[in-house]
Amino acid sequence: MLTINSRAHLCDYPAELRQLMSIAEAGRSLAWLSHWDQLNAGLTPLRELPGLAASLGIAQLSVKDESARSPLGSFKALGAPIALVRLVLRMFPERELDPFELIAGRHAALLRDFTVISATDGNHGRALAAAARSFGCRCVIVLHANVSQEREDAIAACGARIVRIVGNYDESVEEAARLAAANGWTVVSDTSYEGYQDIPRDVMQGYGAIAAEVLAQRDVAPGQPCPYTHVFLQGGVGGLAAGVASYLWERFGAGRPKFVVVEPAQADCLYQSALQGRPARATGSVDSVMAGLACGETSPLAWRFLEPSVDVFMTIADDDAVTAMHRLASGNDGDVPVVAGESGAAGVAGLAVLRAQPALSAAAGLDAGSRVLVINTEGATAPVVYQQLVGESADSVLARQAAWTAR
Ligand SMILES: Cc1ncc(COP(=O)(O)O)c(C=O)c1O
């Protein structure tokens, strides 16, 4: 399914949005984060896949590979720690804390009795747990029924206390809010809701680093045009898409690329928001193999950025994501093999779905001259699931990747 968003316009980045998220603040976030020992050193790879581009009939396909961002396995490592830094700075303004010292855990004594809590479908909770452990505060993570045991184990290994509920993601968000109110804990969520915006804004701002790195890797000097015609962004609550789109919109103004948001058909809250013209709920079961995208409710704050900037909203089936995982892992047509988890592969899956249907592809403005950027937002964050779906372990794909790189 696809809808063209008539509310998206080509114009300069509005001042009222710049007050919320900006390139300047994204740069500050990245500078702080570069001192966090849970991030791998350097930029994540920007991989060119000419073979896959040719088979999809486009001019260029670049994959920003966030699987290499951190041992935590996903781009979410850019969000939670930054939100925690900014939260602690706001809590103790009189102390004028140094963010770098905070990240290094040198204020652990101050934070000993401070507890953060969040619901998660896996990756945000893992990043928050790791950040809390580095900074020296406590962390409680609320998991819904469909979060796999291996994802729970990975979060618990970062030192968080786990609370399991029987309901779905949205109910876990409500439970986290309830527990926080009852215990005096602070919610550090990647989604916004009525009266709760600053922290999810800081999370989204952290994701702007992805766009900043891509432009640096492509040597795009200020004033030069965007090297991409299209950017495909997978959507859960909309935070990733808002963080990346806002950066590129501010940078390129009316010359920004087309943004395409891709969601699972069962968790289509952003697609529904586009149809209804306001933050909306998903119509499906909200249960998808794309665990990170299995969100039933749009983040209203993210929607403020997406509504005026995303040109196309589309949904895909679980099988489309699995096919894309295979394609990326295969390294066919001379391409480098890439480990993309279920949600990580969704951008490529959306592109392939559109290219297989000429009318939809044309509606999205894709043609043989298109230069497309996708973001592989996670590696094998659930390794057992990955092996089941791809038929090969992530380690084996990574070994083929290393051999390809060493050629
Ligand atoms: C791997 C992965 N990709 C994409 C997303 C979507 O991000 P958002 O919920 O900010 O839209 C998530 C969310 O958890 C995720 O884990």
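Just so you know, these numbers come straight off a predicted model, no measurement behind them. (Residues numbered from 1 in each chain as written. Predicted model: local features only at pLDDT ≥ 70, side-chain atom pairs only at ≥ 80, totals over all residues. Heavy atoms only, no water.)

*Asks:* Could you give me a rundown of the domain arrangement of the protein, with the residues and numbers involved?
*Replies:* Once the domains are mapped, the protein shows domain 1 (2–74 + 205–405) and domain 2 (80–187). Here the C-alpha centroids of domain 1 and domain 2 sit 25 Å apart. Contact with domain 1, which involves 29 residues of that partner, is made by 23 residues of domain 2. Here domain 1 and domain 2 share an interface that buries about 2200 Å² over both sides, 56% of which is from carbon and sulfur atoms. Of all residues in domain 1, Trp32, Trp36 and Leu72 give up the largest surface area on contact with domain 2, accounting jointly for 33% of the area buried on that side. (Domains from an automatic or database assignment. Contact = heavy atoms within 4.5 Å. Buried area = accessible area lost by both parts, 1.4 Å probe.)

*Asks:* Hey, could you go over the packing of aromatic side chains for me, with residue numbers and the actual values?
*Replies:* Two aromatic rings are characterised by how far apart their centres lie and by the angle between their planes. Tallying each qualifying case throughout the model produces four aromatic pairs. Above the face of the Trp404 ring, Arg407 is positioned so that its terminal group lies 4.1 Å from the ring centre. (Phe/Tyr/Trp six-rings, centres within 6.5 Å; stacked < 30°, edge-to-face > 60°. Lys NZ or Arg CZ within 6 Å of the ring centre and 35° of its normal.)

*Asks:* Residue-level account of the pattern of salt bridges, with values.
*Replies:* Taken as a whole and judged by the stated rule, the model has 19 salt bridges. One salt bridge in this structure joins Glu213 and Arg69, with 2.8 Å as the shortest N-O distance. Here Arg69 lies in the loop between β3 (60–65) and α4 (80–91) and Glu213 lies in helix α10 (residues 198–217), a separation of 144 residues in the sequence. Like Arg69, Glu213 is buried. Salt bridges sharing common partners tie together Lys64, Glu66, Arg69 and Glu213. (Salt bridge = Lys/Arg side-chain N within 4 Å of Asp/Glu carboxyl O. Helix = DSSP H or I, 4+ residues; strand = E, 2+ residues; numbered from the N terminus. Buried < 20%, exposed > 50% of the residue type's maximum accessible area, 1.4 Å probe, protein only.)

*Asks:* Talk me through helix α11 (residues 239–252); I want residue IDs and the actual numbers.
*Replies:* Given a rise of 1.5 Å per residue, 14 residues ought to cover 20 Å, and the 20 Å separating the end C-alpha atoms of α11 matches this to within 8%. Among the 14 residues that make up α11, 13 are buried, leaving the element largely enclosed by the rest of the structure. Gly253 lies just past α11 and shows a positive phi near 55°. (Expected span 1.5 Å × (residues − 1).)

*Asks:* Report on the sheet that holds strand β5 (residues 138–143), specifying residues and quantitative values.
*Replies:* Taken together, the four strands give an open sheet; going across it, the order is β6-β5-β4-β7, and neighbouring strands pair in parallel fashion. For this open sheet the edge positions go to β6 (161–164) and β7 (186–187), each flanked by a neighbour on one side alone. In this structure, strand β4 (residues 115–120) lies alongside β7, joined through two bridges in parallel fashion. Counterpart to Val116 in the pairing with β7 is Thr186. (Pairing = 2+ DSSP bridges.)

*Asks:* I'd love a proper account of the UniProt feature "domain: Tryptophan synthase beta chain-like PALP" (unreviewed entry) in the protein, names of residues and values included.
*Replies:* Under the UniProt annotation, the feature "domain: Tryptophan synthase beta chain-like PALP" (unreviewed entry) is placed at residues 40–377. The span residues 40–377 is 42% helical and 15% strand by assignment, and the distance between its end C-alpha atoms comes to 15 Å. (UniProt positions renumbered as here; feature names shortened; annotations may be inferred.)

*Asks:* How would you sum up the pairing of β6? Please name residues and give values.
*Replies:* As paired elements, β5 and β6 share four bridges and run parallel to each other. Across the sheet, residue Leu143 finds its bridge partner in β6, namely Arg164. This β-α-β element, β5 to helix α8 (residues 149–156) to β6, shows right-handed connectivity. (Right-handed = clockwise from strand over helix to strand, strands pointing away.)

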